[in-house]
Amino acid sequence: MNIQTAQKTRMPQEIADRLVDPKVYGEFDTIHADLTWLRHNMPLSVAETDGYDPFWVVTKYKDMEEIGRQPRLFTNNGVRKTLITQDFEARAKAMQAQGREPVNRSLLTMDQPEHMRYRLITQARFAPKGIRSLEADIRGIASRSVGALAGASECEFMDRVANRFPLRVIMSLLDVPREDEDMLLSLTQRFFNPRDTEISGKQGGFSVGATSNHDLVHEMKAYFTSIAEDRRANPRDDVASVIANAKIRGVPVPEFDVVSYYMTIATAGHDTTASSTGGAVRAMAENPEQFALVKADRSLIPSLVNEAVRWTSPVSHFMRTATADYELRGQHIRKGDWLMLCYPSGNRDEDIFVDPFTFQVDRKSNSQIGFGYGAHVCLGQHLARMEMTIFMEEFFERVESIEMAGPARRTDSILVGGLKSLPIRYRLAE
Ligand code: HEM
């Protein structure tokens, strides 16, 4: 790819460098200050920084919609669906040249028409009607997760509650054994935080992409392959069986794709939801009047959930590749150019949201873009909303007040961001 960068389209070097630095995403205010500056001064500009192909940075909500609406023109394009270094791409290509499997082949790496064929395998299961049957199960999981607050007045909320809850829901969806929880928690956290050494340990040193390195992916594959084999032999009424036994144009879906599908659901459905849930609890601990509003009127919970997704925007970016020349916001995008969709920026866009830097549980007209837009819009969005709504119902039933008990800390990740530490103090109902 060769973006021809005129001086006027090139963003300041220090912002470009920060946009690829996971540590900066650990400081949400810094990344938001940069994105706000870009929205106001260079809403569509090019980042050029060492080790990466140049890429356009899309900061405006309407531009993300315009791109999302045209999936054949703006493709996810395999491994280039997320920001990767030139080195990462070279390694992926070398592996493929040796006939080794690509890292993953999922909805997120696919484009039309194949993408929609694969999406249709589970779409009905993830539609509002399809997830209704999970409600009772999710309520039980939410109740037990909130129940972990009992017997104390302070806790590390991410570890004790927020990280566990969505993982248990996904495990129930795929019907995998409860005793695998700790192992799966560690796998998904290392997957999304390859460069946060506190989470990924030594692994941090090897990893160069926005998501994980190949070794970790192969570890996950081994786990999910055994599930695929089991569901082929003994189909049940779970999503894992639907995928394992699916056919596309009469041909069974290859095992590699089945396993990739599981991995995508397990990873995409976990950290994101934990991050929005934890972020909402933090925002209410810091803004007690917002907690009080929902405590007094539980019908605000769906609105709180929507605002939580807008406020936290756990997915920091996805990339698109232009398949033809295109004019966008007066700029000339060329065939082959790479574009970064900055969802957190879309969710703070002053042209769309009134007072975007204020957390408002009763925000009116909140069409947040945290689930993305268009053909790749989050497959699990209805599930995520339902999970978080039920969770908040249970939470408000039991919790009388919350406050911060120490500083919150974020993960250092350029793809799915959120809190790794949220110490809170609370009072439970008698
Ligand atoms: C608050 C929670 C969540 C957020 C903020 C979120 C966000 C997103 C975003 C922004 C995308 C679009 C990617 C793109 O632009 O290419 C996406 C896709 C996806 N999400 Fe979510 N997600 C959440 C929860 C879930 C859950 C619970 C699941 C499943 C159980 C899930 C499964 C997926 C899948 C499979 C895709 C790929 C869809 C495709 O490419 O067609 N997500 N999500």
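Bear in mind that the values here come from a model prediction, so they are computed numbers and not experimental data. (Residues numbered from 1 in each chain as written. Predicted model: local features only at pLDDT ≥ 70, side-chain atom pairs only at ≥ 80, totals over all residues. Heavy atoms only, no water.)

J.: Report on the coordination of the iron atom of the ligand, specifying residues and quantitative values.
T.: Among all protein atoms, only Cys 378 (SG) binds the iron atom of the ligand, sitting 2.3 Å from it. With respect to the element layout, Cys 378 can be found in the loop between helix 19 (343-346) and helix 20 (381-398). (Donors = N, O, S within 2.8 Å, 3.2 Å for Na, K, Ca; no water. Helix = DSSP H or I, 4+ residues; strand = E, 2+ residues; numbered from the N terminus.)

J.: Tell me about the sheet that holds strand 3 (residues 74-75), and please be specific about residues and values.
T.: Ordered by their spatial adjacency, five strands build an open sheet running 1-2-10-7-3, and the pairing between neighbours is mixed. The open sheet has two edge strands, strand 1 (44-47) and strand 3, and neither has a second partner. Both strand 7 (residues 318-322) and strand 10 (residues 338-341) contribute to a ladder of four bridges, which runs antiparallel. By the bridge assignment for strand 10, Arg 320 is matched with Leu 339. (Pairing = 2+ DSSP bridges.)

J.: Provide a residue-level description of helix 8 (residues 135-147), including the pertinent values.
T.: Each α-helix turn comprises 3.6 residues. Residues three or four places apart therefore point the same way. Given a rise of 1.5 Å per residue, 13 residues ought to cover 18 Å, and the 18 Å separating the end C-alpha atoms of helix 8 matches this to within 8%. Every buried residue of helix 8 is listed here: Ile 138, Ile 141, Ala 142, Ser 145 and Val 146. Down the axis of helix 8, the sector holding all buried residues measures 130°, keeping them to one side. (Expected span 1.5 Å × (residues − 1). Buried < 20%, exposed > 50% of the residue type's maximum accessible area, 1.4 Å probe, protein only. Arc of directions from axis to C-beta.)

J.: Describe the sheet that holds strand 4 (residues 154-156), and please don't skip the residues or the numbers.
T.: Sheet architecture is open: three strands sit in the order 4-14-11, paired in antiparallel fashion. Since the sheet does not close on itself, it has two edges, and those belong to strand 4 and strand 11 (399-404), each with one partner. Across this sheet, the average inter-strand angle for adjacent strands is 30°, counted without regard to direction. Contacts from helix 20 reach strand 11 and strand 14 (423-428) within the one sheet, and its direction differs from that of strand 11 by about 95°. (Axes fitted to C-alpha atoms, helices over the stretch in contact; angles between N-to-C directions. Contact = heavy atoms within 4.5 Å.)

J.: Which residues make up the pattern of salt bridges, and what values do they have?
T.: Pairing between side chains of opposite charge can happen when their charged atoms approach one another. The final tally for this structure, using the stated rule, is 30 salt bridges. Between Lys 60 and Asp 349 there is a salt bridge, with the nearest N and O atoms lying 2.9 Å from each other. Residue Lys 60 is located in the loop between strand 2 (55-58) and helix 4 (61-68), and its partner Asp 349 is located in the loop between helix 19 and helix 20; the two are separated by 289 residues in the primary sequence. Among the salt bridges present, the one from Lys 60 reaches Asp 351, with a minimum N-O distance of 2.8 Å. On the criterion of sequence distance, the pair formed by Lys 60 in the loop between strand 2 and helix 4 and Asp 351 in the loop between helix 19 and helix 20 is long-range, its members being 291 residues apart. (Salt bridge = Lys/Arg side-chain N within 4 Å of Asp/Glu carboxyl O.)

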